[in-house]
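# Structural overview
This is what each chain is made of:
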Amino acid sequence: MKTCCLFPFLRGFIRDFIRGWTRSLKCDSTRGSTRRLKRSAAAAGAIAVACLLLVAPSLTHAQRLPTNVSPVQYTITLTPDLANATFSGVERINVNIEQPTNSVTLNAAELKLQSVVIFPNGPRQTGAVSFDPDKEQATLTFRHTLAAGTATIEIRFTGILNNELRGFYLSKAEGRRYAVTQFEPTDARRAFPCFDEPAFKAVFAITLVVPKNDTAISNGGIVSDTPGPDPDQHTLEFSATPKMSTYLVAFLVGQFQCTAGTSDSISLRVCSTPEKVAYTPYALRVAEFALHYYDNYFGIPYPLKKLDLIAIPDFEAGAMENFGAITYRETDLLLDPKNASVSAKENVALVVAHEMAHQWFGDLVTMEWWNNIWLNEGFATWMETKAVAAMHPEWEIPQTVAGEEQSTLNLDAQPTTRSIRAPLANTPAEINQLFDGITYYKAGAVLLTVENYLGPEMFQKGVHAYLTAHAYGNATAEDFWNAQTETSDKPVDKIMQSLVLDPGELILAFGAPSGGRVGVTQKRFFLNPDSTPPADEKWTLPVCIKTGSGGQDCELLGPGTSSLKIPQASLFYANARGKGYYRTAYAPAQYNALVEQVETGLAPTERISLAGDEWARVRADQATVGDYLNLSAALKADQNAEVISSALSPIGTIDDDLAATAEERDALATWIRRTLEPEYRKLGAPSPSDSPDKRQLRASLFRVLGYYGKDPTVLADANRITQQYLANPASIDPTLGQTALAVAAEHGNEHLFDQLQNVYETSNNPEFQEGALRMLAEFENPALVRRALSFAVSGKVRNQDAAIQLAIALEMPESRQEAWDYIKNNWDKVQAQLTTAMGSILVEGAGGFCSAAARDDVQTFFARHKVPASNVALKHAIEHIDGCIEFRRLQEPNLKKWLATQGGSQAAL
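Cut-offs applied
Residues numbered from 1 in each chain as written. Predicted model: local features only at pLDDT ≥ 70, side-chain atom pairs only at ≥ 80, totals over all residues. Heavy atoms only, no water. Helix = DSSP H or I, 4+ residues; strand = E, 2+ residues; numbered from the N terminus. Rg over C-alpha atoms; globule rule 2.2 N^0.38 Å. Areas by Shrake-Rupley, 256 points an atom, 1.4 Å probe, with all protein chains shown as cover. Lys, Arg positive; Asp, Glu negative; His and termini not counted. Charge placed at Lys NZ, Arg CZ, Asp CG, Glu CD. Buried < 20%, exposed > 50% of the residue type's maximum accessible area, 1.4 Å probe, protein only. Phe/Tyr/Trp six-rings, centres within 6.5 Å; stacked < 30°, edge-to-face > 60°. Lys NZ or Arg CZ within 6 Å of the ring centre and 35° of its normal. Core = buried A, V, L, I, M, F, W, Y, C linked by side-chain atoms within 4.5 Å. Contact = heavy atoms within 4.5 Å. Disulfide = S-S within 2.5 Å. Axes fitted to C-alpha atoms, helices over the stretch in contact; angles between N-to-C directions. Parallel < 35°, antiparallel > 145°, perpendicular 65-115°, else oblique. Left-handed = near helix turned anticlockwise from the far one by under 90°. Nonpolar A, V, L, I, M, F, W, Y, C, P; charged D, E, K, R; others polar. Expected span 1.5 Å × (residues − 1). Bend = angle between axes of the 7 residues up to and from the residue. Pairing = 2+ DSSP bridges. Arc of directions from axis to C-beta.

With that settled, the discussion passes to the overall build of the protein chain. The helix and strand inventory of the protein chain stands at 30 helices and 28 strands. By the compact-globule yardstick of 29 Å for 909 residues, the protein chain fits well, its C-alpha radius of gyration being 27 Å. In terms of overall dimensions, the protein chain has C-alpha extents of about 90 × 65 × 55 Å along its principal axes. Here the protein chain displays about 29,400 Å² of accessible surface, and carbon together with sulfur accounts for 49% of that area. One way to put it: in the protein chain the 82 positive side-chain charges average out to a point 0 Å from where the 102 negative ones average out.

Below is the structure:
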């Protein structure tokens, strides 16, 4: 599932994320996450969800099911009533009974079980039903003991098509109604009674009785389509699935239209509502490439005969990997490539590739229990970039990955981080909170670290061995790292035990190289300088050191290692290719040499890693903000968009959190203009011949000069380009046009607000529509801020988006207090828009403040106005506020001192 539940990633970066319309989550989400977040205008919305979507915990306290009865096959017929938002169903579950029993317990929620009959190896019996709502379980009790062996349970039931965007729910578009599903992690039980745990794999044979003018899509292909049973209905029977988990079942009913293709003899379709089918061909081309790529990489052909990718109008996550029927938020699937930004194209390609990778990692081989969900999401996050990089090398995806890793390391350096494999995950609340940046992006980064250590070919062999051994079954973390250890004959198990079972990350402090070796110490790293790591916390980790020829030599760092062998090289750098999951610190002479030769001695991914490490050290009070700004100045002429984007990203935090006075912000803006304006002018006017990277580089510089540099020429250009772009999107490079629109919105007037609202309400283009909506939350004018907030909770904005709008306004310094006051004064309206997953987004959005008084206000308000499933989000919010207070106390004097050395507005200081 592409949730990117990465709202923690966005903390401190959401402004740049939304404003830059870039793909920088992740979920950083969600962004993050994504991706990671590096997305385009509309993509910013999608990933903001994807990132902002913290998949909130359920309100229930469901527990594990007994293991004495297990399913073999479900045969299910469902009849949705779209007009009345209800459905009825009948199912037969073939089960194995391990030992004699009088009862069978399974999962059911929001269902009415009308009758239960069992056909065992004995007399037919009618069962009595008792519910445990807190556990979301139904127990079927029978008068006579059921003998061990096989049996068939028949259940007739009814349910509701809810508006909570989970289970079997109602979606709407252009006056039409759709019945669609989202089951991960624990919501199949809202559509049919089932053994709703991943290890209870079974075959599913689905039949849907739907209105005659509607069609239906499910995991299997349609094997029959017959009229009836009523004159206004037809019945669609689908082929049986492979053995799979309940959360991967999908069925969708409504008026869908599709664009079809094939890859490796597999039928592919990309589907949408009728008015948006013109935006489906781009994703189809990506899917055709990705399926062939994965067939070759995994060495295991795609297991089904068809694969559908379906865009849903109301969809809370980014996407969901249902076996053979992947569902998506519209902005993560539908695209007009002629008028789309580079980031939007990347976003759709990556999300499509992510979900398709799940067809092997997650669907074919599924984690045994949710505490190993990283085996699904971390693998898909790692794998998506390989496929897209192969399809579009011009996008420089390895640099994107390096940038995302910096956001992940920052997330993992918080006191409230957790290990990749969670120790507790038994209730829906605990399970849902695992869909976060650690599961997606730390896990993906750890796999990249191990792949880099072993080499791509050896790692691929281990992946193949793992998938082959567990196909159509379940697996654990140990199964994966044992397969890699056996295949490579290297201690992958010890490495991954450290990286998967221990929370946080290491910082490796290196001394001066001497005699072919270098001294090194390892210590857990925190962004908070007051956090003290346990002295006995030591890891086993591969450390890859850059060679003189641009390659790498990898050494294994163990708990007792005090020095490492190093290759001959003129420059010492201890994270070759930027693929190691750790922070680095160097002796002064070595660090100064790295800064001096940053453009000539380091590869782009290594520059990103070096800048990320230095910014992290600033946050931890191990370096000054001036040190970082000097490094970013050394990178100012870099021609790689991701290097510039990563290096300049902290400027938003410096401006928002450290520059405490107008004079300091003016002085910082002067330095930004003086440093970056010449580099921006060197790029020249946009040209059709510009590479994707050059387009993104121009947009990144334009964004920083406009937002933080307050460059008058750029601000004037932003207004001019915005009007030209809104009048005719094809007349402007969309990457620059969307960035200009974001810059213009900050100081925009009512006319621009009206234009954007009209785009949201009338456009069929998902990228334009959602991008315009996100920009409404960017205006600084207090009257327009209030108007945007009122619009968000008016019912005219889908409930998948309302909380995101509020969270964006809370994150913007100019609108934060206005947004917070509005939320408090209009809580009933706000609360009415919150779905189960959105409450935590809103709560964590309140963590953008930077004062003790605001912190106390946030804490008091949510103590009095409980938001379900938001306790972790509230901890994150308070942690961020406290961190900002401390960061400002430690580094604001350093910023003032550094600015005084830079000329420009220093007199004002």
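Here we take up unusual backbone geometry. Of note, the bond from E184 into P185 is cis; its omega dihedral lies within 30 degrees of zero at 0°. Along the chain, P185 falls in the loop between β10 (176-182) and β11 (203-211). Between G228 and the following residue, P229, the backbone shows a cis peptide bond with an omega angle of 10°. Mapped onto the fold, P229 is located in the loop between β13 (222-227) and β14 (233-238). We note that E174 has phi near 50°; this positive angle belongs to a residue other than glycine. Tracing the backbone through its elements, the reader meets E174 in the loop between β9 (167-173) and β10. Its relative accessible area of 58% is what places E174 among the exposed residues.

In this section: the packing of aromatic side chains. Using the criterion set out here, one finds 49 aromatic pairs in the structure. Lying over the aromatic face of Y453, K490 brings its terminal NZ or CZ to 5.0 Å of the ring centre. The cationic tip of R619 hangs over the ring face of F887; the distance from NZ or CZ to the ring centre is 4.9 Å.

This next bit is on the nonpolar core. Membership of the largest hydrophobic core comes to 247 residues, with the highest contact counts inside it found for F192 and Y294. Discounting chain neighbours no more than four positions away, the residues touching F192 are Y74, I76, E91, N107, L111, F157, F183, F204, V249 and F251. Within the second largest apolar cluster, 35 residues are counted, among which are A777, L842, F861 and I878.

Going through the model one piece at a time under the given rule, you end up with 3 disulfides. Here C850 engages in a disulfide with C884; their sulfurs sit 2.0 Å apart. Note on the C850 and C884 pair: the S-S dihedral is about -100°, so by sign convention the disulfide is left-handed. Residue C850 is found in the loop between α28 (839-845) and α29 (852-864), and its partner C884 is found in helix α30 (residues 871-900); the two are separated by 34 residues along the sequence. Judged by its relative accessible area of 16%, C850 is buried. Residue C884 is classed as buried on the basis of its relative accessible area of 3%. What links to what in the protein chain: the bonded cysteines, counted in sequence order, pair as 1-2, 3-4, 5-6.

What follows deals with the packing of helix α7 (residues 397-412) against helix α17 (residues 641-658). Taken N-terminus to C-terminus, the directions of α7 and α17 make an angle of 15°; their axes are 9 Å apart at the nearest point. Comparing the axis directions of α7 and α17 gives the class roughly parallel. Crossing hand, α7 versus α17: right-handed. In contact with Q399, T400 and G403 of α7, α17 contributes E642, V643 and S646. Split by residue class, the contact of α7 with α17 holds 1 nonpolar, 4 polar and 1 charged.

Attention shifts here to the packing of helix α4 (residues 281-298) against helix α6 (residues 374-391). At their nearest, the axes of α4 and α6 sit 10 Å apart, and the two run at 115° to each other. In terms of axis orientation, α4 runs roughly perpendicular to α6. The chirality of how α4 crosses α6 is right-handed. For the pair α4 and α6, the contacting residues are R285, V286, F289, Y293, Y294, Y297 and F298 in the first and W382, M383, E384, K386, A387, A390 and M391 in the second. The residue inventory of the contact of α4 with α6, partitioned by class, reads 11 nonpolar, no polar and 3 charged.

When the terminal C-alpha atoms of helix α18 (residues 662-682) are compared, their 30 Å separation across 21 residues agrees well with the 30 Å that a helix rising 1.5 Å per residue should span. Roughly 35° is the biggest bend found in α18, and it falls at L676, with proline P678 one to four residues downstream. Within α18 the residues assigned to the buried category are E664, A667, L668, A669, T670, W671, I672, T675, L676, E679 and Y680. On its buried face, α18 is in contact with α16 (625-634), α17, α19 (692-707), α20 (712-727) and α30. Downstream of α18 by one or two residues, G684 has phi in the positive range, about 75°.

A sheet is described by the order of its strands in space; here 4 strands give the open sequence β27-β24-β23-β28, paired in mixed fashion. The open sheet is flanked by β27 (563-565) and β28 (583-585), the only strands paired with a single partner. Pairs of neighbouring strands in the sheet enclose a mean axial angle of 35°, with direction left out of account. Of the pairings in the sheet, the one linking strand β23 (residues 506-510) to strand β24 (residues 517-524) comprises 5 bridges and is antiparallel in character. What sits directly across from I507, in β24, is K523. Seen against the sheet, helix α15 (residues 604-619) touches β23 and β28 and runs at an angle of roughly 80° to β28.

With that out of the way, let us pick up the sheet that holds strand β18 (residues 306-312). Spatially, the 5 strands line up as an open sheet ordered β16-β17-β18-β20-β19, and their pairing is mixed. Only two strands of the sheet have a single neighbouring strand rather than two, namely β16 (257-263) and β19 (319-320). Pairing analysis gives 2 bridges linking β19 to strand β20 (residues 325-329), with the strands arranged antiparallel. By the bridge assignment, A319 is partnered in β20 with Y328. Across the face of the sheet, α4 comes into contact with β16, β17 (266-272) and β18 while running at roughly 25° to β16.

Right, let's get into the side chain of N322. You can see N322 is positioned in the loop between β19 and β20. Take N322: its relative accessible area is 1%, and that puts it in the buried class. Beyond its immediate stretch of four places on either side in the chain, N322 contacts N219, Y247, L248, V249, A250, T327, Q359 and D363.

With that out of the way, let us pick up helix α10 (residues 456-470). With 15 residues, α10 extends 21 Å from end C-alpha to end C-alpha; this agrees with the ideal 21 Å at 1.5 Å per step. Within the span of α10, buried status applies to F459, G462, V463, Y466, L467 and H470. All buried residues of α10 project into a common sector of 130° when viewed along the axis, lining one side. Exposed and facing more than 90 degrees away from the buried side of α10 are E457, K461 and A469. Packing partners of the buried residues in α10 comprise α4, β21 (365-367), α6, α9 (437-454), β22 (473-475) and α11 (477-488). Immediately downstream of α10, the backbone of Y472 shows phi near 65°, a positive value.

Limitation: the analysis is restricted to geometry and does not speak to function.
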